[in-house]
Amino acid sequence: MTRARELASGYALWVRSIRRAEGAILFPTPEEAAAHVWSDEDRALVADRVDTQFVGSPATVAARLRQLQEATGADELVITTITHAHADRVRSYELLAEQWNRGEMSRQVILRGAR
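Residues numbered from 1 in each chain as written. Predicted model: local features only at pLDDT ≥ 70, side-chain atom pairs only at ≥ 80, totals over all residues. Heavy atoms only, no water.

Sorry, what's going on with the packing of helix α2 (residues 10–19) against helix α4 (residues 40–51) here?
Packed helices, taken two at a time, are described by the angle between their axes plus the distance between the axes. As a packed pair, α2 and α4 sit with axes 9 Å apart at the nearest point and diverge in direction by 115 degrees. Relative to α4, the element α2 lies roughly perpendicular. α4 is crossed by α2, and the crossing has right-handed handedness. Between α2 and α4, the contacting residues are Tyr11, Ala12, Val15, Arg16 and Arg19 on the first element and Asp42, Leu45, Val46, Asp48, Arg49 and Val50 on the second. (Axes fitted to C-alpha atoms, helices over the stretch in contact; angles between N-to-C directions. Helix = DSSP H or I, 4+ residues; strand = E, 2+ residues; numbered from the N terminus. Parallel < 35°, antiparallel > 145°, perpendicular 65-115°, else oblique. Left-handed = near helix turned anticlockwise from the far one by under 90°. Contact = heavy atoms within 4.5 Å.)

Just to check I follow, could you spell out the pattern of salt bridges for this structure?
Counted by the stated rule, this structure contains eight salt bridges. The salt bridge involving aspartate 42 is made with arginine 20; its shortest N-O contact spans 2.5 Å. Taken together, the residues span a long stretch of sequence, with aspartate 42 in helix α4 and arginine 20 in the loop between α2 and α3 (30–35) at a distance of 22 residues. Classification of aspartate 42 as buried rests on a relative accessible area of 6%. Measuring nitrogen to oxygen at the nearest pair gives 3.2 Å for the salt bridge that ties glutamate 94 to arginine 91. In this pair, glutamate 94 and arginine 91 both sit in helix α6 (residues 86–114), three residues apart, roughly one turn of the helix. (Salt bridge = Lys/Arg side-chain N within 4 Å of Asp/Glu carboxyl O. Buried < 20%, exposed > 50% of the residue type's maximum accessible area, 1.4 Å probe, protein only.)

Any chance you could explain the side chain of threonine 83 here in plain terms?
Mapped onto the elements of the fold, threonine 83 is located in the loop between α5 (58–72) and α6. Only 2.9 Å separates the side chain of threonine 83 from the backbone oxygen of alanine 85, close enough to count as a polar contact. (Polar contact = N/O pair within 3.5 Å; in protein donor to acceptor, adjacent residues only side chain to side chain.)

Got a minute to help me understand the nonpolar core in this structure?
Where a protein is soluble and globular, its nonpolar side chains tend to be buried together. Counting seven residues, the largest nonpolar core consists of Tyr11, Ala12, Leu13, Val15, Phe27, Trp38 and Val46. Element by element, the count of residues in this core is highest for α2, at four residues. Judged by nonpolar contacts, the second largest core, of five residues, contains Val61, Leu65, Leu96 and Trp100. (Core = buried A, V, L, I, M, F, W, Y, C linked by side-chain atoms within 4.5 Å.)

Can you help me understand α2 in this one?
A turn of α-helix holds 3.6 residues, and therefore any two residues three or four places apart point the same way. The element α2 is extensively covered by neighbouring structure, given that seven of its ten residues are classed as buried. All of the buried residues along α2 are Gly10, Tyr11, Ala12, Leu13, Val15, Arg16 and Ser17. Tucked into the core, α2 has its buried residues touching α1 (3–8), α3 and α4.

Before we go on, may I ask you to explain the environment of glutamate 31 in this structure?
Of note, glutamate 31 is situated in helix α3. For glutamate 31 and serine 9, which are 22 residues apart along the polypeptide, the C-alpha to C-alpha distance reads 9.0 Å.

Right, dumping it as structure tokens:
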């Protein structure tokens, strides 16, 4: 399991708590998420949310965000990273910002060269 997948692993359990009307629990640690025993019913309950997560390397997430932006025509994206530890959330934003800015710069160079 990649580090990004590990950090995101509590999301399904967190969504489950909301959808089961238990109230939003504190975001689970990767260890708590790994220890949870899932029923098929619970997996189905959260599948739509888990399937739409963008989790992976900065390049992977940036590429998926670009696809979303192009598909929707959005001129702004709001990004939310949900992890148990605050430092992991901050690092995720830093990595994504670095990757996004690298992509924007290379995209501008390509567009200037095409003129």
